Amino acid sequence: LELPAGQVVRLRVLNLDNTVTYRLNLPGAEARIYALDGHPIEPRELGKEYWLGPGMRIDLAVRVPAAGQELSLRNGPMRLATLKSTATTEGAGDWPARLPRNPVAEPDLARAETLRFNFEWSAKLAGVDDKGPAKYWQINGQAWDINDKTCADRPIASLKKDGHYIFELRNMAQYLHPIHLHGLSFKVLDSNRKKIIPYFTDTYLLGKNEVARIALVADNPGIWMFHCHVIDHMETGLMAAIEVA
Ligand SMILES: [Cu+2]
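Just so it is clear, the structure is predicted and the values come from calculations on it, not from any experiment.

Caption draft 1: Quick look at the side chain of Asn75. Relative to the assigned elements, Asn75 resides in strand E8 (residues 70-75). At 2.8 Å, the side chain of Asn75 and the backbone nitrogen of Arg23 are in polar contact.

Structure representation (structure tokens):
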């Protein structure tokens, strides 16, 4: 990409990889985060790196350096894109104002019901029997069967329409799970592994052995997929249905 020197440009980065979490970084750049997964946040420095799991999105603003210089957008040490600064007659650009927040209902934690979801290994590995697919993952003791067309009839949780809920997400293994919920946005509250500035999103990258809490208002009726965005985890069990009625 060629960009005008001194200006501030907005970049939207989407991780469309179906397995790899990107350790996104822009060394030497002045860069700020404006939105996570399509939900605006109070702008803050990108910092050393941001872990962008499969299906996750990030909106950045970047100050383009002096003409002739280059910035590289990287995954860890690996270059994904080169941003090249070209001479311009325009003056220096300003950082954009924060984006207006999305119209997402604020969960009331004082009256929220807590539901716990354990993400763990499944004991039924390939080769145990010849019937059905291999199962490596389960949510609360249930592995999703990719061939089962009726799994939406047996939701793992039933939420009351307009009810307030806290989900405690517990990763019992070392693998990263970008946990994605359809139909509803949620607020990430806290984690036992890192400091969280609460924010709204539709995907939370649950780290190794992490326990995180998210909260939501169940204001969209339906049967919604609740799954890991890593496709091979999903295909081998890490998916469930959640009902809002
Ligand atoms: Cu996963």
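Caption draft 2: Examining the pattern of salt bridges more closely. For the coordinates displayed, the defined rule picks out 13 salt bridges. The partner of Asp202 in a salt bridge is Arg57, with the nearest N and O atoms 2.9 Å apart. Highlighted residues: Asp202 in the loop between strand E16 (199-201) and strand E17 (203-206) and Arg57 in strand E7 (residues 57-63), separated in sequence by 145 residues. Residues Arg111 and Asp108 are paired through a salt bridge, measuring 3.0 Å at the closest nitrogen-oxygen approach. When its relative accessible area of 57% is taken as the criterion, Arg111 is described as exposed. A single salt-bridge network, built from bridges that share partners, covers Asp37, Arg57 and Asp202.

Caption draft 3: Fine view of the nonpolar core. Counting residues in hydrophobic clusters, the biggest one holds 54 residues, and the most contacted among them are Ile58, Phe117 and Phe167. If you count residues domain by domain, this core takes at least three from each of domain 1 (2-86) and domain 2 (109-244). When sequence neighbours within four positions are dropped, the list of residues in contact with Phe167 reads Leu115, Phe117, Leu159, Ala212, Arg213, Ile214, Leu216, Phe226 and Ile242.

Caption draft 4: Expanded view of the coordination of the copper ion. With distances of 1.9 to 2.0 Å, the protein atoms coordinating the copper ion are His177 (ND1), Cys228 (SG) and His233 (ND1). Ordering the donors of the copper ion by residue number gives the pattern H-x50-C-x4-H. Linking His177 in strand E14 (residues 177-181) with His233 in helix H1 (residues 231-235), this pair joins segments that are 56 residues apart in sequence. Looking at His177, the relative accessible area reads 0%, which means it is buried. Assessed through its relative accessible area of 6%, His233 is described here as buried.

Caption draft 5: Looking closely at unusual backbone geometry. Of note, Asp37 is a non-glycine position whose phi angle comes to about 50 degrees, a positive value. Positionally, Asp37 belongs in the loop between strand E4 (30-36) and strand E5 (39-45). For Asp37, a relative accessible area of 3% translates into the label buried. For Asn140, which is not glycine, the phi dihedral falls at a positive 45 degrees. Looking at the element boundaries, Asn140 is found in the loop between strand E11 (137-139) and strand E12 (157-159).

Calculation rules
- Residues numbered from 1 in each chain as written.
- Predicted model: local features only at pLDDT ≥ 70, side-chain atom pairs only at ≥ 80, totals over all residues.
- Heavy atoms only, no water.
- Helix = DSSP H or I, 4+ residues; strand = E, 2+ residues; numbered from the N terminus.
- Polar contact = N/O pair within 3.5 Å; in protein donor to acceptor, adjacent residues only side chain to side chain.
- Salt bridge = Lys/Arg side-chain N within 4 Å of Asp/Glu carboxyl O.
- Buried < 20%, exposed > 50% of the residue type's maximum accessible area, 1.4 Å probe, protein only.
- Core = buried A, V, L, I, M, F, W, Y, C linked by side-chain atoms within 4.5 Å.
- Domains from an automatic or database assignment.
- Contact = heavy atoms within 4.5 Å.
- Donors = N, O, S within 2.8 Å, 3.2 Å for Na, K, Ca; no water.

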